[in-house]
Amino acid sequence: MQTIVTSSASELTSQALAFVRGIIAQDDGIITIGLSGGSTPVALYNALGADDSLPWDQFRFFLVDDRYVPSDHADSNQRLVRSTLLAHHHAKLLAPDTTLDLPQCVQDYDERLQGIIPDLVILGMGDDGHIASLFPPVSPDAFGEATVIHTTTENFSVHDRLSVTLPFLESAKHRLFLISGEKKIALFRSQEHENQDPSMFPAHALFDQRTTWLLGSY
C-alpha cells in the first residue's frame, strides 16, 4: 500500500491526474474505471474531462455507489459525473437505473456489472470511515456474492443507497483513495497499522499493494 501526502488541493489533483493517466497508459483495450461522488474528486474529473488526448472511445466508467434519486437530482452521483468528467465527451457510463423500483434497480445494476474486473476504482472515505456507500457497521451482505447491494444511512439527507460490495472492490487491479481534511486523515492514520475489523473500517479490506492513498493535508 502506498501513501502520498500532498500540501494543497492543486497538488492532490495533479498527483491524482498523473496516477490515473499512468493506469490508462498501461492498457490499449477497454479501460474500466469506477467512480465515486463527493466534492473531493470533482477537480480530478474536470481535469480528466478537459483532456482531449485521452482514448475516450476505450473508456467504460461505472459508479461505485449512488443515491436512490432521479439521475438529474442534485445529490445524484450520475449527475455529478455527467456534468464534470463527461461534460464534453461521450463514453460509456454504467449507473443505477433509478426509474426502476428499488429492488429492481439493485438487481438490474448488479446484473450489468457482472463479470467486470475494474482496472481502477477511485474512492473516498467519510468521517465515519465509510467507503462507497458501505457504512459501518457494514452489513454481512457487503461481503457476500452479490456485486451490488442496497444500503441505508441516517447520516445524510438521502437514506437509500446502492453500493458495490467489498469483494467487487477487492477485485480491482488498482484502487486510488482521495482523502482531504484533517479529520479523515487522522482516522486513516489511526487505522493504518491496526488489524481492524473491516465491518467497522471497510477500507481495511483494501489494505494491500494495489491501493494508493492520496492525502490532502491542507
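Residues numbered from 1 in each chain as written. Predicted model: local features only at pLDDT ≥ 70, side-chain atom pairs only at ≥ 80, totals over all residues. Heavy atoms only, no water.

A.B. asks: How should I be thinking about the overall build of the protein in this particular structure?
C.D. replies: In terms of helices and strands, the protein carries six helices and 10 strands. Scaling as 2.2 N^0.38, a compact globule of 218 residues should have a C-alpha radius of gyration of about 17 Å, and the protein matches this with 16 Å. For the protein, the spread of C-alpha atoms along the principal axes amounts to about 40 × 40 × 30 Å. Here the protein holds 218 residues, and 51% of them are scored as buried. For the protein, the share of sequence-separated contacts (at least 6 apart) that also reach a separation of at least 24 residues comes to 75%. Separation of charge centres in the protein, based on 14 positive and 28 negative side chains, amounts to 4 Å. (Helix = DSSP H or I, 4+ residues; strand = E, 2+ residues; numbered from the N terminus. Rg over C-alpha atoms; globule rule 2.2 N^0.38 Å. Buried < 20%, exposed > 50% of the residue type's maximum accessible area, 1.4 Å probe, protein only. Contact = heavy atoms within 4.5 Å. Lys, Arg positive; Asp, Glu negative; His and termini not counted. Charge placed at Lys NZ, Arg CZ, Asp CG, Glu CD.)

A.B. asks: What is the right way to read the nonpolar core from this model?
C.D. replies: Grouped burial of nonpolar side chains is what soluble globular proteins tend to show. Core analysis: the biggest nonpolar cluster contains 64 residues, and Leu-35, Leu-44, Phe-59, Phe-61, Leu-85, Ile-122 and Leu-169 have the highest contact counts within it. Leave out the neighbours within four places in its chain, and Phe-61 touches Ile-33, Leu-35, Trp-56, Leu-85, Leu-86, Ala-91, Lys-92, Leu-93 and Leu-94. (Core = buried A, V, L, I, M, F, W, Y, C linked by side-chain atoms within 4.5 Å.)

A.B. asks: Quick question: what am I supposed to make of the side chain of Asp-65 here?
C.D. replies: Residue position: Asp-65 is located in strand 4 (residues 65-67). Buried and without a salt bridge, Asp-65 has Arg-161 as its closest oppositely charged side chain, separated by 4.6 Å. Side chain to side chain, Asp-65 and Ser-133 meet in a polar contact 2.7 Å long. Ignoring anything within four residues of it in the chain, the contact list for Asp-65 reads Leu-35, Ser-36, Gly-37, Asn-77, Ala-132, Ser-133, Leu-162 and Ser-163. (Salt bridge = Lys/Arg side-chain N within 4 Å of Asp/Glu carboxyl O. Polar contact = N/O pair within 3.5 Å; in protein donor to acceptor, adjacent residues only side chain to side chain.)

A.B. asks: Whenever I open this one, the pattern of salt bridges confuses me. Can you help?
C.D. replies: Charged atoms that come close allow side chains of opposite charge to pair. Taken as a whole and judged by the stated rule, the model has six salt bridges. Note that Arg-112 and Asp-108 form a salt bridge whose closest N and O atoms lie 3.0 Å from each other. With a gap of four residues between them, Arg-112 and Asp-108 both fall in helix 4 (residues 102-113), about one helical turn apart. By relative accessible area, Arg-112 is classed as partly exposed at 30%. With a relative accessible area of 23%, Asp-108 lands in the partly exposed category. Between Asp-208 and Arg-210 there is a salt bridge, with the nearest N and O atoms lying 3.6 Å from each other. Each member of the salt-bridge network shares a partner with another, and the members are Arg-175, Asp-208 and Arg-210.

A.B. asks: I keep staring at the packing of aromatic side chains and nothing clicks. Help me out?
C.D. replies: Note on aromatic pairs: each is described by the distance of the centres and the angle between the planes. Following the criterion strictly, the structure yields nine aromatic pairs and no others. Centre to centre, the rings of Trp-56 and Phe-61 are 6.4 Å apart; their planes meet at 50 degrees, and the pair counts as tilted. The exposure class of Trp-56 is buried, given its relative accessible area of 8%. Take Phe-61: its relative accessible area is 4%, and that puts it in the buried class. Ring geometry for Phe-207 and Trp-213: centres 6.0 Å apart, planes at 85 degrees, overall edge-to-face. Phe-207 gets classed as partly exposed once you look at its relative accessible area, which sits at 21%. (Phe/Tyr/Trp six-rings, centres within 6.5 Å; stacked < 30°, edge-to-face > 60°.)

A.B. asks: Looking at this model, I keep getting lost on the environment of Leu-214. Mind explaining?
C.D. replies: Relative to the helices and strands, Leu-214 is located in strand 10 (residues 211-216). By relative accessible area, which is 1% here, Leu-214 ends up buried.

A.B. asks: Is there a simple way to think about the layout of surface pockets in this case?
C.D. replies: With a probe scaled to a water molecule rolled over the atoms, the places where space remains empty come into view. Its volume calculated, the largest pocket comes out at about 460 Å³. Every residue lining the largest pocket is counted, 27 residues in all, and those nearest its centre are Gly-37, Gly-38, Gly-126, His-130 and Lys-184. Elements represented by at least two residues in the lining of the largest pocket include exactly strand 4, strand 6 (120-123) and strand 9 (175-180). Among the residues making up the lining of the largest pocket, the classes are represented as nine nonpolar, 12 polar and six charged. (1 Å grid on protein atoms, 1.4 Å probe; cavity = no way out; pocket = protein on both sides within 12 Å on 5 of 7 lines; lining within 4 Å. Points joined across faces, edges and corners; volume = space filled by probe spheres on them. Nonpolar A, V, L, I, M, F, W, Y, C, P; charged D, E, K, R; others polar.)

A.B. asks: What should I look at first to understand the sheet that holds strand 4 in this one?
C.D. replies: As a general point, the strands of a sheet are linked pairwise by backbone hydrogen bonds and lie either parallel or antiparallel. With antiparallel pairing, the three strands of this open sheet are ordered in space as 4-8-7. Here the strands that pair on one side only, and so sit at the sheet edges, are strand 4 and strand 7 (148-152). Adjacent strand axes in the sheet meet at a mean angle of 25 degrees when their direction is disregarded. Note: strand 7 against strand 8 (residues 160-164), five bridges, orientation antiparallel. Bridge assignment links Ile-149 to a residue of strand 8, and that residue is Ser-163. Sheet strands in contact with helix 4 are strand 7 and strand 8, and its direction is about 140 degrees off that of strand 7. (Pairing = 2+ DSSP bridges. Axes fitted to C-alpha atoms, helices over the stretch in contact; angles between N-to-C directions.)

Structural measurements only, silent on function.
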